[in-house]
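For reference, the chains in residue letters:
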Amino acid sequence: MEKRKYYQQAIETMPVEEIKRLQSEKLVKQVKHVYEHVPYYRDLMDKKGVKPEDIHGIEDLHKLPFIEKSDLRETYPYGMLAVPLSECVRIQSTSGTTGRRVIAYYTQKDIDLWEDCCARALVAVGADKDDVVQVSYGYGLFTGGAGLNGGSHKVGSLTLPMSSGNTERQLQFMIDLGATVLCCTPSYAAYLGESLKEMGYTPDKIPLKAGIFGAEPWTQEMRRDIEATLGIKAYDIYGLTEISGPGVSYECSEQNGMHICEDHFLAEIINPETGEPLPEGEKGELVFTCLDKEAFPLLRYRTRDICVLTRKPCSCGRTHIRMAKPMGRSDDMMIIRGVNVFPSQIESVLITEGFTSNYEIRLGRVNNSDTFDVYVELPPEQFDDSVKTITAKEKSLAAALRTMLGIGPTVHLVPPKTIARSEGKAKRVIDERKLHD
Ligand code: DLL
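All of the points below concern the structure found in this document. Bear in mind that the values here come from a model prediction, so they are computed numbers and not experimental data. (Residues numbered from 1 in each chain as written. Predicted model: local features only at pLDDT ≥ 70, side-chain atom pairs only at ≥ 80, totals over all residues. Heavy atoms only, no water.)

1. Quick word on the sheet that holds strand β11 (residues 284-290)
Whether parallel or antiparallel, the strands of a sheet pair through hydrogen bonds between backbone atoms. The condition is simple: Criterion used throughout: strands pair if DSSP finds at least two bridges between them. What counts as a helix is a DSSP run of H or I of at least four residues, what counts as a strand is a run of E of at least two, and both are numbered from the N terminus. Angles run from 0 to 180 degrees between N-to-C directions of axes, and those axes are lines fitted to C-alpha atoms, restricted for helices to the stretch in contact.
Ordered by their spatial adjacency, three strands build an open sheet running β10-β11-β12, and the pairing between neighbours is antiparallel. The open sheet is flanked by β10 (265-270) and β12 (301-307), the only strands paired with a single partner. Put simply, the sheet's adjacent strands are angled 30° from each other on average, direction ignored. Pairing of β10 with β11 involves six bridges; the strand directions are antiparallel. Bridge pairing links I270 to E285 in β11.

2. Structural notes on the site of the ligand
For clarity, the threshold we go by: Whether a residue is near a molecule or strand is decided by its heavy atoms; if any one of them lies within 4 Å of it, the residue is near. We define a polar contact as two N or O atoms separated by no more than 3.5 Å, with the added condition that, inside protein, one atom must be a possible hydrogen donor and the other a possible acceptor, whereas residues neighbouring each other in sequence contribute only through side-chain atom pairs. The residue classification treats Ala, Val, Leu, Ile, Met, Phe, Trp, Tyr, Cys and Pro as nonpolar and Asp, Glu, Lys and Arg as charged. All others, Gly included, are polar.
Taken together, the neighbourhood of the ligand is formed by 21 residues, with D236, I237, T241, D305 and K425 sitting nearest. In the environment of the ligand, a nitrogen atom lies 2.8 Å from a nitrogen or oxygen atom belonging to the side chain of D236. A distance of 2.7 Å is found between a nitrogen atom of the ligand and a backbone nitrogen or oxygen belonging to I237. Counting residues per element, the ones that place at least two in the shell around the ligand are α6 (143-155) and β7 (233-240). When residues in the shell around the ligand are grouped by element, the largest group, five residues, is from β7. Taken together, the residues that form the shell around the ligand break down as nine nonpolar, six polar and six charged.

3. Section: the packing of aromatic side chains
Test applied: When two rings of Phe, Tyr or Trp (its six-membered ring) have centres within 6.5 Å they constitute a pair, described as stacked for plane angles under 30 degrees, edge-to-face for angles over 60, and tilted for the intermediate range. The buried label applies to any residue whose accessible area, calculated with a 1.4 Å probe on protein chains only, is under 20% of its type's maximum; exposed applies above 50%, and partly exposed to all values in between. Whether a charge lies above a ring is judged from NZ of Lys or CZ of Arg, which has to be within 6 Å of the ring centre and within 35 degrees of the ring normal.
What the rule picks out here adds up to seven aromatic pairs. Measuring from centroid to centroid gives 6.1 Å for Y188 and Y191, while their planes differ by 55°, and the two rings are tilted. Here Y191 and Y188 lie together in helix α8 (residues 186-198), a separation of three residues that amounts to about one turn. Each member of the pair Y188 and Y191 is classed as buried. Ring-pair connections join several aromatic residues into one group, and the members of that group are Y78, Y105 and F296. We note R42 situated over the ring of Y35; from NZ or CZ to the ring centre the distance is 5.9 Å.

4. Focus on the pattern of salt bridges
Counted only if it meets this: In the sections that follow, a salt bridge refers to a side-chain nitrogen of Lys or Arg positioned within 4 Å of a carboxyl oxygen of Asp or Glu.
This structure, assessed with the given rule, holds 28 salt bridges. Among the ionic pairs, E432 bridges to R362, the shortest N-O distance being 3.8 Å. Of this pair, E432 sits in the segment after β20 (429-431) while R362 sits in strand β17 (residues 359-366), placing them 70 residues apart in sequence. Residues participating in the shared-partner salt-bridge network are R365, D370, D431 and R433.

5. What to know about helix α11 (residues 387-405)
The cut-off we apply is this: In a helix, the anticipated span is given by 1.5 Å times the number of residues less one. Picture the helix axis, draw a direction to every C-beta atom, and the arc is the one those directions span. Contacts were defined at the residue level, with two residues in contact if any of their heavy atoms lie within 4.5 Å.
Between its terminal C-alpha atoms α11 stretches 27 Å, which fits the 27 Å expected from 19 residues at 1.5 Å a residue. Along α11, the residues classified as buried are I390, E394, L397, A398, A400, L401 and L405. For α11, the buried positions fall inside an angular range of 160° around the axis, keeping them on one side. In α11, those exposed residues whose orientation departs by more than 90 degrees from the buried face are K388, K395 and T403. Tucked into the core, α11 has its buried residues touching β16 (339-341), α10 (343-352), β18 (369-377) and β19 (410-414). Where α11 terminates, the next one or two residues include G406, which has phi positive at roughly 90°.

Right, here's the structure in full:
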């Protein structure tokens, strides 16, 4: 039997004009639903002087007020609820590393819609009924495990609900049960690849063929690295708890941007300083409006993720708009000695120069000036090099970083395996400058 190319073909390949018409219809209804059921958002609309009757279609989207993370903190836990609590069947939550956790609630329809998006992502990388999908994202409050697990069930693949951690068992199951698709964070995929090599397996000895990696920024260089160590094609997947979880957008066989599930989520790019919508192709902050969600339907939610959208046709046949890999969140951006630096820029130089994605950035402050240190693991085969050679390598890597960033860090090459591995989202920056609270 021929493999299926799409999970919901009619929607995924719908002509753009039709998608826009559908979005307009849904938007009008959704604004009314939110205005009637969420007093907090009704107040925001009233303050802006906009009523549901003013919204006739997506061309009026810009009239609506934004929702920001601070609004979600203020309304914690149930202030954004748009249906009776008795209609909700699940909550999920963000990790809350930067303040109060955000709680997202779901009706059964919301869960179905979210799992459909994850199923689309799985089918887009070639998953089918015959596949064995190993889900090594964390389960529990984090949306990664639950979302991909549900999507894999919908596709009809055999699902291995591994969750993250216990790396040896992960690899044993992967081999014994013949996993063909791996779902986890890119940093954990890199760690699994490294551990597999240590166990003496070469990529051709494992049946894995594809990976769906997301939940954190990762570079094209890291993609190539993971593809080589695991012998697979590595695909990107994006999402956030506030909008549902993974599957808001996903890569297809072209590996050239992630298709946003536009029938459910309306995307905009805005200028993060002024809030003005930007034309297609310009870089800015990604903003989402949920068109179908019932319990937690955020309108114009500012993600803080910086990226670009494109409507250029994709040869996979999907018509949904694509977003580029987010280069990082505006709040991940470090300002070091006045220069804007994203960790992803550093990662890309390291891998190009032959190092791995095991690195740590440390920022400090001495005499009112920023210190900028990058710790990078030496590849095992270079560990025995002389001090002179290692010092020369540190200097040359620092120079490559200076060329990319415009400012030069102090590079420290450290022995293999001395930088902590991550089983979930990697924490690569330690900022001890205490510039903020
Ligand atoms: O990370 C949902 C998810 C799970 C996505 C599994 C993909 C796979 P949160 O914990 O709420 O949700 O974090 C959302 O993570 O705003 C981005 O800054 C970042 N992020 C998610 N996917 C990507 C990606 C999940 N593919 C935040 N590339 C988002 C870069 C990503 N950043």
